[in-house]
There are 2 protein chains.
Amino acid sequence: MSFYFGMCQDRAMSILESVPREQAVTCCGLATSPVTQADAVRLAPVFKALGDPVRLRMVSMIAAQPELCVCEITPAFDLSSGTISHHLKLLREAGLVDCERRGTFVYYWVNPEALGALSTLLAVTEPA
Amino acid sequence: MSFYFGMCQDRAMSILESVPREQAVTCCGLATSPVTQADAVRLAPVFKALGDPVRLRMVSMIAAQPELCVCEITPAFDLSSGTISHHLKLLREAGLVDCERRGTFVYYWVNPEALGALSTLLAVTEPA
DNA sequence: CAGTTGATTCGACATCCATCGAAGCAGGAG
DNA sequence: CTCCTGCTTCGATGGATGTCGAATCAACTG
């Protein structure tokens, strides 16, 4: 049995994309529509994915380019390639990035909708 | 020796506030100005603070009100008061909320600048 | 003063997480 | 086919994290 098939296929119903729009969580800001228990459970892992210095830089690097090869990401960090892969996987599972293999190389790009949704969520419109 | 003095006093040079503006990290978006190693180390803990369902809901609850007493936050969660305090402390240390004791009660409110900075950081303007 | 209530801190514990090194897979090149 | 390289996955490990319950502190009340 292959353990290898799930790589770029797990676009993983991107936690964010799976949030029903009528819940307003992704379109109205933290303060105006309080995050429910269920939404918090969906959204927290996305923030957690950004909650590591390595992954935050990765997202930033990838976001600055239309797409970026793993072979260009790896040398920017003093980490083993296994660890790099691990972080990229977490970012994928969070729905923040997506990837595609082309020949020997694997290219990553950001999911703008995911970042945008978080941005909107945090854009507080002060109450009272 | 008192271990108790640092409660609301550690407004903690709010990681975000300590980011020099000329670095442009907090005002121009992830993609347009890649996050440096140092910035990532400062910013990641803030995202990490939001990376827990309990804390995410807490921030949301607090953000929805001008201010909120701990005694109103606690019953919303099925957690001991010690755990509630722990989470609130992390949010304080991340610079996301601030608090003040008034008599017996302690009131929390969000730091809009911190949330706004994160929001701006994630507001991607697509490259290329 | 002693007693009560709200909130934080401490100590302990189970779980999770970042990391490495090694092993395995995918796709070319010879 | 056999190598070789890029990337991922696995297994193990030290350190961080969420949780509770108990102890402590702060402030008010009687």
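Throughout this document, residue positions are counted from 1 along each chain, in the order its sequence is written. Labels are handed out in written order, letters beginning with A for the chains and numbers beginning with 1 for the ligands. Totals for whole chains, interfaces and linings use every residue, but because this is a predicted model, local features are given only for residues with pLDDT of at least 70 and side-chain atom pairs only at 80 or more, for both listing and counting. For side-chain calculations, the full set of non-hydrogen atoms in the structure is used, while hydrogens and water are omitted.

Peer 1: Where do I start with the protein's contact with DNA strand D in this structure?
Peer 2: Think of it this way: one heavy atom of a residue within 4 Å of a molecule or strand is enough to make that residue near it. Among the 28 residues in the neighbourhood of DNA strand D, the closest are listed as Ser-85 and Tyr-108 of chain A together with Arg-55, Ser-80 and His-87 of chain B. Ser-80 of chain B is positioned with one of its backbone polar atoms (N or O) 2.9 Å from a phosphate oxygen of DNA strand D. Polar contacts, as used here, are pairs of N or O atoms within 3.5 Å; protein pairs need one atom able to donate a hydrogen and one able to accept it. Residues neighboring in sequence count only if both atoms are side-chain atoms. Here a phosphate oxygen of DNA strand D and a side-chain polar atom of His-87 of chain B are 2.4 Å apart. Comment: elements are numbered from the N terminus, with helices defined as DSSP H or I runs of at least four residues and strands as E runs of at least two. Secondary structure elements with two or more residues in the surface near DNA strand D: helix 4 (70-73), helix 5 (81-93) and strand 3 (105-110) of chain A together with helix 5 (81-93) of chain B. Classifying every residue of the surface near DNA strand D gives twelve nonpolar, ten polar and six charged. Gly is put with the polar residues, along with every residue not named as nonpolar or charged; the nonpolar set is Ala, Val, Leu, Ile, Met, Phe, Trp, Tyr, Cys and Pro, and the charged set is Asp, Glu, Lys and Arg.

Peer 1: What's the story with the nonpolar core in this structure? I'm lost.
Peer 2: Side chains that are nonpolar tend, in soluble globular proteins, to be buried together. The criterion is simple. A nonpolar core is a set of buried Ala, Val, Leu, Ile, Met, Phe, Trp, Tyr and Cys residues joined through side-chain atoms within 4.5 Å. Partly exposed residues are those whose accessible area sits between 20% and 50% of the maximum for their type, while under 20% is buried and over 50% is exposed, using a 1.4 Å probe and protein chains only. Residues Leu-96 of chain A together with Leu-96 of chain B are the most contacted members of the largest nonpolar core, which totals 72 residues. By definition in these notes, contact holds between two residues if any of their heavy atoms fall within 4.5 Å. Those residues in contact with Leu-96 of chain A that lie beyond four places of it in its chain are Val-46, Ala-49, Leu-50, Leu-91, Trp-109, Val-110, Asn-111, Ala-114, Leu-115 and Leu-118 of chain A.

Peer 1: Hey, could you run me through the relation of the copies chain A and chain B in this one?
Peer 2: Between the two copies of the chain lies a rotation about an axis combined with a shift along it. When chain A is fitted to chain B, the best match, at an RMSD of 0.0 Å, comes from turning it 180° and sliding it 0.0 Å along the axis. Considering both components of the superposition, the chain copies are consistent with a two-fold axis. Using C-alpha coordinates, one finds that chain A approaches the rotation axis most closely at Ser-119 of chain A, a distance of 2.1 Å. Of all interface residues in chain A, 100% are interface residues in chain B too; the two copies therefore contact each other through one and the same surface. Overlaid copies result from least-squares superposition on C-alpha atoms, with residues included only where pLDDT is at least 70 in both.

Peer 1: Looking at this structure, I do not really get the packing of helix 3 (residues 53-63) of chain B against helix 5 of chain B. What am I missing?
Peer 2: Residue and element names in this part refer to chain B. Axes, fitted as lines to C-alpha atoms, cover a helix only where it is in contact. Angles between the N-to-C directions of the axes lie from 0 to 180 degrees. As a packed pair, helix 3 and helix 5 sit with axes 10 Å apart at the nearest point and diverge in direction by 70°. With respect to their mutual orientation, helix 3 and helix 5 come out roughly perpendicular. Between helix 3 and helix 5, the contacting residues are Val-54, Arg-55, Met-58, Val-59 and Ile-62 on the first element and Ile-84, His-87, Leu-88, Leu-90 and Leu-91 on the second. Residue composition of the contact of helix 3 with helix 5, grouped by class: eight nonpolar, one polar and one charged. Oblique is the label for every angle not falling under 35 degrees (roughly parallel), over 145 degrees (roughly antiparallel), or within 65 to 115 degrees (roughly perpendicular).

Peer 1: What am I meant to see in the sheet that holds strand 3 (residues 105-110) of chain B here?
Peer 2: Residue and element names in this part refer to chain B. Spatial strand order, 1-3-2: three strands in an open sheet with antiparallel pairing. A strand with exactly one partner marks an edge of an open sheet, and here the two such strands are strand 1 (68-69) and strand 2 (97-102). Strand pairing is assigned whenever DSSP identifies at least 2 bridges connecting the two strands. Pairing of strand 2 with strand 3 involves six bridges; the strand directions are antiparallel. By the bridge assignment, Val-97 is partnered in strand 3 with Val-110. Helix-sheet contacts for helix 5 involve strand 2 and strand 3, and the interaxial angle to strand 2 is about 120°.

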